[in-house]
Amino acid sequence: MPPPPTTVCFSFPPSLNDTMTQPTDYPSIAALGKALRDRRVSALELATDALQAVHNGPDPHLFLHVDDALTLAQARAADALLAQGKAGPLAGIPIAHKDLFVTRGWRTTAASRMLADYVSPFDATVVERLEQAGTVSLGKLSCDEFAMGSGNENSAFGALQNPHDPDRVPGGSSGGSAAAVAAGLVLGTTGTDSGGSVRQPAAYCGVSGIKPTYGTVSRYGVIAYASSLDQAGPLARSAADLVPLLDTMSGFDIQDSTSLETCNGVANAPGRITAAYDHCRGLFGSGGGQPLAGLRIGVPREFFGAGLATAVADAIEAALRVFESLGARRVDISLPLTRLAIPAYYVIAPAEASSNLARFDGVHFGYRTPQYQDLPDMIRRSRSEALGPEVRKRILVGTYVLSHGYYDAYYLQAQRVRRMVANDYRQALDQACDVIMGPVTPNVARRRGDHDHDPIADWLGDIYTLGANLAGLPALSIPCGLGGPAKHLPIGLQIIGRHFDEGRLLALADCFQQHTDWHQHTPRHVA
Amino acid sequence: MSWETVIGLEVHAQLSTQSKIFSRSSTRFGAAPNTQASAVDMALPGTLPVMNRGAVERAIRFGLAVGAQVAERSIFARKNYFYPDLPKNYQISQFEHPIVIGGQLKFLLDDHEHVVHLTRAHLEEDAGKSLHEHFTGPHGESSSGIDLNRAGTPLLEIVSEPEMRSAAQAVAYARTLHALVVWLGICDGNMQEGSFRVDANVSVRPHGQAAFGTRCEIKNLNSFRFLERAILHEARRQIELIEDGGQVVQETRLYDADLDETRSMRSKEDAQDYRYFPDPDLPPLVLSADWIEAVRAAMPELPAARQARFQTELGLGAYDAAQLTMHRALADYFEACVAGLPAGQAKLAANWILGELSAALNRGDTDITASPVSPTALAGLIVRIIDGTISNKLAREVFTAMWAGECGGAADDIIAARGLKQITDSGAIEALVDEVLAAHPQIIEEYRAGKDKAFNSLVGQVMKAARGKANPQQVNTLLRQKLGG
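Residues numbered from 1 in each chain as written. Chains lettered and ligands numbered in written order. Predicted model: local features only at pLDDT ≥ 70, side-chain atom pairs only at ≥ 80, totals over all residues.

## With respect to the overall build of chain B
Within chain B one finds 15 helices and 17 strands. C-alpha atoms of chain B, sized along the principal axes, occupy 95 × 55 × 55 Å. A buried classification covers 40% of the 485 residues belonging to chain B. (Helix = DSSP H or I, 4+ residues; strand = E, 2+ residues; numbered from the N terminus. Buried ≥ 20, exposed ≤ 12 C-beta atoms within 10 Å, placed from the backbone.)

Structural data, given as C-alpha cells:
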C-alpha cells in the first residue's frame, strides 16, 4: 500500500520569492497545514492570493458575496494561532461556505431574492466551529435557491458553470461548493445534502463530498429546507481532506434538538471521525496486499437498471474491481423500494419546506413588495415576487400534501414508505454487507438549460442518493471515472455506510484514492 | 320551552418558567417591546427550537395533580397559519399526542360537589402581540407594530369536557383550576397580564335533549366576571335566535366587556386548514418513569387532600376547609396558626382567618404572605380568647393594634399596655353589678314587668362601667342571681 497523503514528501523551494501561495500548489490539506505550521507560507499570503483568484475567476456568479476585509481578518487570526503554536490541522486553510449557512459577516441569501440583503446576527454552528479551527473563508457560494434543485440553475443570482465544461451544470444544490473546489479556489467547502445535494455536485465536478449520519452535524444556522433530511457535509479534493473538515464540523450542539449526544456510545464530538478513520486505516495497513480483505460490498441491483448511462455503469464496475483487487468481496443485494424513494422524498421534503419557508413573508425581515393594499396582499406579493418558480412549486406541493383530506394519502403514506426504505437499507447493512456501493447519478452533468421544460427528469436523477437521506445514513461520493462525449466529465462512486460509519467510509474512499488518480483529474480550462 | 346551557372551557395557563418554551429569552412581563425577543423568537433563518425542561416539568406536575395520564411520549406539531405576530407563521403545539390525557377537577358549588373531566392538556408556545392603537411608524404615520416579547412564552392549554351546565359552574371550575395552577406553582395566575386566559365553548339545548346544540367559542376571557357575563349573554343570544326561528352558526366570537355582548369574529366556513404535521425540529418528547416519579415525589400536598385533612383531622366544616384551601399560602397560614393553639381550636382560627384577617388583607390589598400579623402572632391572640384573658370583642381591638404594629405586634403586650385584660374577679364584678342595680331602679322594674330587653340593658350598663373588660358570662350569672333569677 502506498504511503497516505499525510506523509507525502514535497521539497519546498527555500526562497520566499518562490513561496507557493496558491492552495492548489499543495496536494492536500495536510500538506498545506504543515507548510503553514512550519511558517513556510502564511495564512495571509494564501488568503490574499485566493481572493485574487476569486475576483479573477471564470464564473462571475460562483461567489454571492466576497468581502476581502473579512477574509483577511480571518487569515490574520489564523496566523496568530499559528504563531502561538496552537494551530490545529485546519488553521489557515482557505475554505468557503454554501450560502445556506448563515454568517454574521457575509450576507446570507440562500440564493434567493427574498434574502438578497440579509445579514444574520449570528453564525451557523458549522461556520463557527470551522472559524474557531482557524479556517479562512473566502465568502459565500452560490447554490440552488433554498437548496431546491440539482443544477444550480435555480439561483436567483445567475446559473453556474461546471469547471470541467462551462456549458454543463455543476450540479446542485451545493453546486457552488463543488465548483469552487474543482476550480482550485479553495481546499474545502461546506454543503448541505437533503436528497443528494452534496454527493451529486461532487460527482459532477469530480470532487469528494460526504453527507454524514443525520444528527451528527448541527443544523443550527443552516437555513432549513427539509428539516428531517437536511444534513451538512464538506466537499474537498480527496477523502483524506474531508476528514479534518467533517471532524471539525461534527459534534453535538445543544441548539439543535435533532443533534445527537452520542453515536453508538461514542461522544458525538470532534475527534470521533478522525479516530475511526485512523483506526480503519490501521486495519487496512495490516492486511498487506489485501488491505480490504473481509470487506463485503453490497451492490444493489436496482442501482443498475434502465436509465443508467453506460459510461457511468462502466466506471462503477471498474471501481468495484479496484476494491475487489484490494481484497473486498462483492455481494449482490436488493433495495426493492429504490424507485419509491422518489415520490416519498418529493412529498416529505416539500411538506417540510412549505412550513419552513412560511417565515419568508416580508413582515419581519427579507424582501417586502413596494406596493400593496393590505397585509394579506403584502405577504402574497412579497412571496410571489421574491421566491423563484421551483421554490413556489415545492411550497404549493407541500401545502397540498399537508392539507385536510390529503394528509393521510400523501404525507402519512410517504412517511410509511420512508420507514420501509430505511428498513431495506438496514436489513442489507445488518445482514448482507458492510457498505453499499453504486453510482451517485444516472449520468454525467447535463447541459445547462436542458431541463427547463422537464423538471421530472431532474427529480428522477436523485434516485440513487435519496435513500441515504430517507434512512439518515452516511454516504459519500468520490470521483471514479470520466464520461460524456469528450470523456471529460467526472463520474462519481457512491459509498453508503451504517449509521455513524463516516470514519470507515472515508478510510475506504482514501484507500481507493491511494490506488487511483481520478480525484487528481483537474478541469482542462482551470489547468 | 326551558333551555340548558352546555359549556366546555379551554384555558391557556402561562407556565411560570424564567425563559421561553423554545428559546433562552426571558418571559418577564412588561419589558419594552421586542427587548425580550431572541433570534429564535423572531424566527430568523437558521434558528431552531430547544425544549424548555421546566415547562415540561410543570406540565407533568399538572397532569399528576388532576389524576391524568402523563404521556410517556408526546409529539410537537406545527400548526400552520399566517399571522404577523407569529413570526414562523406556524405555532409549535401538540396535536394528536398531548402530554396530559384525561384527569378531572372537583369543586364545591351551592353545597354540591361537582366533577368536571378534562379532555387533555398540551404544551404550546404563545404568539407575539400586534399593536394597532396609538402606534406610529418611523415617519409618524399611523401604523401597526409587533411586539414579540410574548412570542414563545410557554402555555399549557387545558381543555375540559363540555360538562358544565351554567355560567356559575363554569366560573367555579375556572376558579378552582386557577387556584390549582397557582397552588402547584406552575402559573402566576395573573389574569390582567394574561397569564390565565379562558375560551368558552357554549351551546344550548332543550332540557332533556341528549344531542348537543351547535356551539360558539368565545375567545380570550381574562376575568371570571367577564367569563360569567359572556356565557350568560351568549346563551341568551342563542336561545333568542332559536326561539325566533333562526339557527346557531358555529363560529368564534369575541366578548366586548364595554357593551356586554359577544360579536362574531370568524365563522366555521372561514376556518383555516392548519395543516398540522409533526415538527421535524423536535424529537418526540419522551418522559422517563423516573422523571415522572421524581416530580410526583416533589409535589406539594394538593388542595383536595388538604381540604379533606382539614375536615377529618381538624374538624372543620366543608365550606371552611374549601375556603382555606383556595390558596396554598392561606392554607399554610392557617396550619401555622393552628400549630400555636391548644388542640380542638382550629375552628376559632378558621373564623379569625376567614373573617378579621381576610377583611384586613382585602382592605389593604395585601397578599397573605405579606400579612403584618404573622400566623404565630394571631395564635397568640386567639390563645388569650380561649383562656378568657380577653373577650372576642376586645380581641378585635387588639387585632387592629397588632395590624398597625403596636407594641411590636404582640397580643399580650398590647393587652397589657392598653389594660384590656378581662376582669374575672367575681368580687370586682359583683361590686360593679351592685353599683349598676342601685343606679337604675326603673330598668329593674321593667325587667320584673317581663321585658327581656331590660336585662340586656343592665348587662350593657355593667360592661360600660367595666369599660368592656368584665367577663360577660360572669356578669350574666351575677345579674341573674341579684335579680332573683
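Read on for the rest.
## Regarding the packing of helix α10 (residues 341–356) of chain A against helix α12 (residues 389–402) of chain A
Residue and element names in this part refer to chain A. Look at α10 against α12: their axes get within 7 Å of each other, and the N-to-C directions meet at 100°. Considering the angle they form, α10 stands roughly perpendicular to α12. On α12, the residues touching Val347, Pro350, Ala351, Ala353 and Ser354 of α10 are Arg394, Ile395, Val397, Gly398, Thr399, Val401 and Leu402. (Axes fitted to C-alpha atoms, helices over the stretch in contact; angles between N-to-C directions. Parallel < 35°, antiparallel > 145°, perpendicular 65-115°, else oblique. Contact = placed C-beta atoms within 7 Å.)

## Quick word on the sheet that holds strand β12 (residues 475–483) of chain A
All names here are of chain A. Spatial ordering of the open sheet is given by β1-β3-β2-β4-β6-β5-β12-β13-β11-β9-β10, a layout of eleven strands whose pairing is mixed. Taken across any chain shown, the strands that pair with only one partner, and hence form the sheet edges, are β1 (63–65) and β10 (329–333). Taken over all neighbouring pairs, the strand axes of this sheet differ in orientation by 35° on average, direction set aside. Across two bridges, strand β5 (residues 208–211) lies against strand β6 (residues 231–236) in antiparallel orientation. Residue pairing across strands places Ser208 opposite Ala236, the latter belonging to β6. (Pairing = 2+ DSSP bridges.)

## A word on the sheet that holds strand β5 (residues 90–94) of chain B
Residue and element names in this part refer to chain B. Read across the sheet, three strands follow the order β5-β4-β16 without closing on themselves; strand pairing throughout is antiparallel. Each of the sheet's edge strands pairs with one partner strand only, and the pair in question is β5 and β16 (277–278). As judged from the five bridges shared by strand β4 (residues 76–80) and β5, these two strands associate in the antiparallel manner. Counted as the bridge partner of Ala77 is Ser93 from β5.

## Section: the interface of chain A and chain B
At the junction of the two partners, chain A supplies 35 residues and chain B supplies 25 residues. Mapped onto the side of chain A that touches chain B, the elements with two or more residues apiece are α10, α11 (375–386) and α12 of chain A. At three residues, the largest contribution of residues to the side of chain A that touches chain B is made by α10 of chain A. In the side of chain A that touches chain B, the residues fall into 17 nonpolar, 13 polar and five charged. (Nonpolar A, V, L, I, M, F, W, Y, C, P; charged D, E, K, R; others polar.)

## Digging into unusual backbone geometry
All names here are of chain A. Backbone torsion omega between Gly172 and Ser173 reads 5°, so that peptide bond is classified as cis. Along the chain, the position of Ser173 falls in the loop between β3 (136–141) and α5 (175–182). Here Phe146, not a glycine, exhibits a phi torsion of approximately 50°, which is positive. In this structure, Phe146 sits in the loop between β3 and α5.

## Here we look at the packing of helix α10 (residues 392–403) of chain B against helix α11 (residues 411–418) of chain B
All names here are of chain B. The contact between α10 and α11 brings their axes to 10 Å, and the two run at 115°. Taken together, the axis directions place α10 and α11 in an arrangement best described as roughly perpendicular. Pair α10 / α11 crosses with right-handed handedness. Side by side, α10 and α11 meet where Val398, Ala401 and Met402 of the first sit next to Ala411, Ile414 and Ile415 of the second. Of the residues belonging to the contact of α10 with α11, the class tally is six nonpolar, no polar and no charged. (Left-handed = near helix turned anticlockwise from the far one by under 90°.)

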